[in-house]
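# Summary of structural features
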Protein chains: 2
Amino acid sequence: MSDNRLKVVFLGPLASFSHQAAAESFKKTNAELIPHASFGDAFSAVQDQTADFAVIPFENSTNGSVVQTLDLLADRTSLYTDVQVCGEYYLTVHHCLLVRKGTYPSGCSGYDGSITKLYTHPQAWGQCEGLLSAHFKGVERQDVSSTSKAAEIVAKETGESSAAIASKFAAEYHGLDILKENIEDRADNTTRFLILRNTRVEKTAELAFEQRCSSCTTWIMNKTLISFAVAHSSAGALANALLIFKAHGLNLTSINTRPSLKRAWQYVFFVECGQAPSAENKEAVLEALSDLHHATESCRNWGTWKDQLCSGADS
Amino acid sequence: MSDNRLKVVFLGPLASFSHQAAAESFKKTNAELIPHASFGDAFSAVQDQTADFAVIPFENSTNGSVVQTLDLLADRTSLYTDVQVCGEYYLTVHHCLLVRKGTYPSGCSGYDGSITKLYTHPQAWGQCEGLLSAHFKGVERQDVSSTSKAAEIVAKETGESSAAIASKFAAEYHGLDILKENIEDRADNTTRFLILRNTRVEKTAELAFEQRCSSCTTWIMNKTLISFAVAHSSAGALANALLIFKAHGLNLTSINTRPSLKRAWQYVFFVECGQAPSAENKEAVLEALSDLHHATESCRNWGTWKDQLCSGADS
């Protein structure tokens, strides 16, 4: 039963935030969305061409970088040589208080304080402290492996009067009622996902997922991710490598590091840089890479994509 | 019962790797070593002057930066304005297989395969996979919150025939026999600790803990930690800030970032830089800071200390 639909893998379980990011970023396509249990599996699926794209969390505006993704991008044993970053997607993390269908037909206004147990991922408790301390003091809290799992448990319960903290997406997927939306303390908690493709697969070069932010009409920046390693013992090597970006007009937007694991206290650096797309600086990334090859022990171009953090999304 | 001994706090529990690092780095002193349950508590103890020094894990050669420490160094609400980094200590992580005293009087050569249960911290299983797969296939594994806790459990058991994976330091502390030493797969797994003091406490300026590596006679480098934030929207701001280090002869040895939490996708950068101590470049750090104050939104000098990763320890 093969079909021509795009295959997009995301980090499971079903109805996870990664699932939501994959669904939203590929909404214009008829893509088949496939859960994978681990970050490594998702990278492998793209490398092995069993999937066309992967949607992978890269950083969260509150918690910072996703170390598992950086470790795969370090690609210390050259497992993912054909994998490339071709896009990004920003997902704002909204939590809802979810209950079994029909429990509170009139929504939160009819809530009578009868909920005796709450389920969610450990991180979500701290993100919804305002609502929890105001209305759910003393109510039993049960940690589960994901917010989606919390929704699934509540959907399947029959006797208990429990609720889950999870996304609207998980509510729809597991068929729960939303007692209250947007219960998170911080409205701006956002996760950035990278979209991966295989450079050898022609049909994915089209970037069927791309969408332009409706509030942006003028400025669109290109972003590029480059990883490199420098000799620790060589004084000034890191500064010299970073200078190369500036010399070619590439604006550094983020730097991350991970241990090289070749030798203690040596690092793989991940630099993201941006520039406006123009005829003039079309070759800037390639020229910078050529210089980096001379100034570093190793370096790799992970690809260039359209910055989705436009002025519209940023404000 | 007050005394004049130095008070050194570390990240508990007792017999943890932090405890070991504190004991080894302050071995020449008669310091009182005090466990603290959280990273924040240890920082607060130094700020509040209830402790003279704190010994805090900063990075591991395999796992990378310790995010909790970076978040405290980001000091987003100015809680730790008097805290300064005054030293570092490298602790190589060695694991041992520990059993109750007298169980195997002849050590590993007398081991008869009777151990039915193993205890350790989840991370340690992966670090000792070689020994475990060779000799302990199918033996029940119980995760506990620390390797020290594992040693404590085994020390207290009476009926069971169990073993713990923990340090020699924990074996001595909890009174266990070492069945086998250095059972880790990687010999070079090392954690770097920072030593903190309060700039207002005169008596800690002496750095009673300092010790020179016996294999180093010539080169000693000074290291400095500086944190700063730059305006995300300002093109080239990060590169310009990094250039300042180079301009003053300060060699960048590491860069870390954490979210600023003031605005999404803005970061606090942590830059470590080194230079040989000499009359000529005595003012380099202060001059660089003066320039950084103009080039960044905010910056902070976390202090300068003697690099302990000498050529002796590095090779």
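Note that this is a predicted model, so its numbers are computed, not measured.

Cut-offs applied
- Residues numbered from 1 in each chain as written.
- Chains lettered and ligands numbered in written order.
- Predicted model: local features only at pLDDT ≥ 70, side-chain atom pairs only at ≥ 80, totals over all residues.
- Heavy atoms only, no water.
- Helix = DSSP H or I, 4+ residues; strand = E, 2+ residues; numbered from the N terminus.
- Buried < 20%, exposed > 50% of the residue type's maximum accessible area, 1.4 Å probe, protein only.
- Contact = heavy atoms within 4.5 Å.
- Areas by Shrake-Rupley, 256 points an atom, 1.4 Å probe, with all protein chains shown as cover.
- Lys, Arg positive; Asp, Glu negative; His and termini not counted.
- Charge placed at Lys NZ, Arg CZ, Asp CG, Glu CD.
- Buried area = accessible area lost by both parts, 1.4 Å probe.
- Salt bridge = Lys/Arg side-chain N within 4 Å of Asp/Glu carboxyl O.
- Polar contact = N/O pair within 3.5 Å; in protein donor to acceptor, adjacent residues only side chain to side chain.
- Nonpolar A, V, L, I, M, F, W, Y, C, P; charged D, E, K, R; others polar.
- Least-squares fit on C-alpha atoms with pLDDT ≥ 70 in both.
- Axes fitted to C-alpha atoms, helices over the stretch in contact; angles between N-to-C directions.
- Parallel < 35°, antiparallel > 145°, perpendicular 65-115°, else oblique.
- Left-handed = near helix turned anticlockwise from the far one by under 90°.
- pLDDT = per-residue confidence, 0-100.
- Core = buried A, V, L, I, M, F, W, Y, C linked by side-chain atoms within 4.5 Å.
- Pairing = 2+ DSSP bridges.
- Disulfide = S-S within 2.5 Å.
- Phe/Tyr/Trp six-rings, centres within 6.5 Å; stacked < 30°, edge-to-face > 60°.
- Lys NZ or Arg CZ within 6 Å of the ring centre and 35° of its normal.
- Domains from an automatic or database assignment.

### Describing the overall build of chain A
When you go through chain A residue by residue, the secondary structure sums to 10 helices and 15 strands. When the backbone C-alpha atoms are referred to their principal axes, chain A occupies close to 70 × 45 × 40 Å. Across the 315 residues in chain A, those meeting the buried criterion constitute 53%. A sequence separation of at least 24 residues applies to 76% of the contacts in chain A between residues at least 6 apart. As presented, chain A carries roughly 14,000 Å² of accessible surface, and 50% of it is formed by carbon and sulfur atoms. Positive and negative charge centroids in chain A, built from 28 and 35 side chains respectively, lie 1 Å apart.

### Examining the interface of chain A and chain B
If you look at the interface, chain A gives 39 residues, while chain B gives 40 residues. Summing the contributions of chain A and of chain B, the shared interface buries around 3,200 Å²; its carbon and sulfur component is 58%. Here chain A is connected to chain B by 0 salt bridges. Across the chain A-chain B interface, the total number found is 12 residue pairs in polar contact (both at pLDDT 80 or more). Sorting the residues of the side of chain A that touches chain B by element identifies β3 (53-60), β11 (190-198), α8 (237-247) and β13 (251-259) of chain A as the ones contributing at least two each. Broken down by class, the residue content of the side of chain A that touches chain B amounts to 15 nonpolar, 16 polar and 8 charged.

### Structural notes on the relation of the copies chain A and chain B
The two copies are related by a screw operation: chain A maps onto chain B through 180 degrees of rotation and 0.0 Å of translation along the axis, at an RMSD of 0.0 Å. Accordingly, the operation relating the two chain copies is best matched by a two-fold axis. Relative to the rotation axis, the C-alpha of A:N256 is the closest in chain A, positioned 3.2 Å from it. An overlap of 100% is found between the interface residues of chain A and their copies at the interface of chain B, pointing to a shared contact surface.

### Description of the packing of α8(A) against helix α9 (residues 284-295) of chain A
All names here are of chain A. Relative orientation of the contacting elements α8 and α9 amounts to 170 degrees, with a least axis distance of 9 Å. One finds that α8 runs roughly antiparallel with respect to α9. Handedness of the α8/α9 crossing: right-handed. In this structure, α8 uses A241, I244 and F245 to contact α9, whose residues at the interface are A288, D291, L292 and A295. Across the contact of α8 with α9, the residue classes break down as 6 nonpolar, no polar and 1 charged.

### Section: the confidence of the model for chain A
Residue and element names in this part refer to chain A. Averaged over all residues, the pLDDT of chain A equals 89, while 92% of them reach at least 70. The least confident element of chain A is helix α10 (residues 311-314), whose mean pLDDT is 44; the most confident is helix α7 (residues 168-174), at 97. Here residues 311-315 scores under 50 on pLDDT; set against residues more than four positions off or in separate chains, the count is 6 contacts.

### Digging into the nonpolar core
Side chains of nonpolar character tend, in soluble globular proteins, to be buried together. Counting residues in each nonpolar core, the largest one holds 54 residues, and the members touching the most others are A:F228, A:L242, B:F228 and B:L242. Residues B:L11, B:A42, B:I56 and B:F58 belong to the second largest nonpolar core, which totals 27 residues.

### Some thoughts on the pattern of salt bridges
Opposite charge on two side chains permits pairing when their charged atoms draw close. Taken as a whole, this structure holds 36 salt bridges over all chains when the rule is applied. A salt bridge links B:K223 to B:E88; its shortest N-O distance comes to 3.0 Å. One end of the pair, B:K223, is in strand β12 (residues 222-229); the other, B:E88, is in strand β5 (residues 83-92), and 135 residues separate them in sequence. There is no split in this pair, since B:K223 and B:E88 are both buried. Put simply, A:E59, A:E88, A:R192, A:K223, A:E272 and A:D307 are held in one network by salt bridges that share partners.

### A short note on the side chain of B:H19
One can find B:H19 in helix α1 (residues 17-25). On the basis of relative accessible area, B:H19 is assigned to the buried category, the value being 8%.

### As for the sheet that holds strand β6 (residues 96-100) of chain B
To summarise the sheet geometry, strands pair through backbone hydrogen bonds and adopt either a parallel or an antiparallel arrangement. Residues and elements named next belong to chain B. The strand order β8-β7-β9-β6-β10 describes an open sheet built from 5 strands, whose pairing is mixed. Two strands lie at the open edges of the sheet, namely β8 (140-143) and β10 (176-180), each paired on one side alone. With direction set aside, neighbouring strand axes in the sheet form an average angle of 35 degrees. Pairing between β6 and strand β9 (residues 162-166): 3 bridges, direction antiparallel. Counterpart to C96 in the pairing with β9 is A166. Strands in contact with helix α6 (residues 147-156) are β6, β7 (117-120), β9 and β10; relative to β9, the strand with the most contacts, it is inclined by about 155 degrees.

### A few points about the sheet that holds strand β14 (residues 267-275) of chain A
All names here are of chain A. Strand order across the open sheet formed by 4 strands is β13-β14-β12-β15, with antiparallel pairing between neighbours. Of all strands in the sheet, those bounded by a partner on one side alone are β13 and β15 (298-306). Along the sheet, successive strands turn relative to each other by an average axial angle of 15 degrees, direction set aside. Judged from the 8 bridges that link them, strand β12 (residues 222-229) and β15 form a sheet pairing that is antiparallel. Bridge assignment links S227 to a residue of β15, and that residue is R300. The sheet contacts of α9 involve β12, β14 and β15, and relative to β15 the element is tilted by about 165 degrees.

### Overview of the state of the cysteines
Counted according to the given criterion, the structure contains 0 disulfides over all chains. There is no disulfide at A:C299, and the cysteine sulfur nearest it, in A:C273, is 12 Å away.

### As for the packing of aromatic side chains
Residue and element names in this part refer to chain A. Following the criterion strictly, the structure yields 12 aromatic pairs over all chains and no others. With a centroid separation of 6.5 Å and an interplanar angle of 35 degrees, the aromatic rings of F228 and F245 are classed as tilted. Of the two residues, F228 sits in strand β12 while F245 sits in helix α8, which places them 17 residues apart along the sequence. Chaining the aromatic ring pairs together yields one cluster made of F228, F245, Y267 and F269. Here the basic side chain of R300 rests over the ring of W302, its NZ or CZ set 3.6 Å away from the ring centre.

### Thoughts on the domain arrangement of chain A
Residues and elements named next belong to chain A. Taken as a whole, chain A is organised into domain 1 (1-92 + 189-205), domain 2 (96-180) and domain 3 (216-315). A separation of 28 Å is found between the C-alpha centroids of domain 1 and domain 2. Here domain 1 packs against domain 2, burying approximately 780 Å² in sum over the two surfaces, 63% of which is carbon and sulfur. There are 0 salt bridges connecting domain 1 and domain 2.

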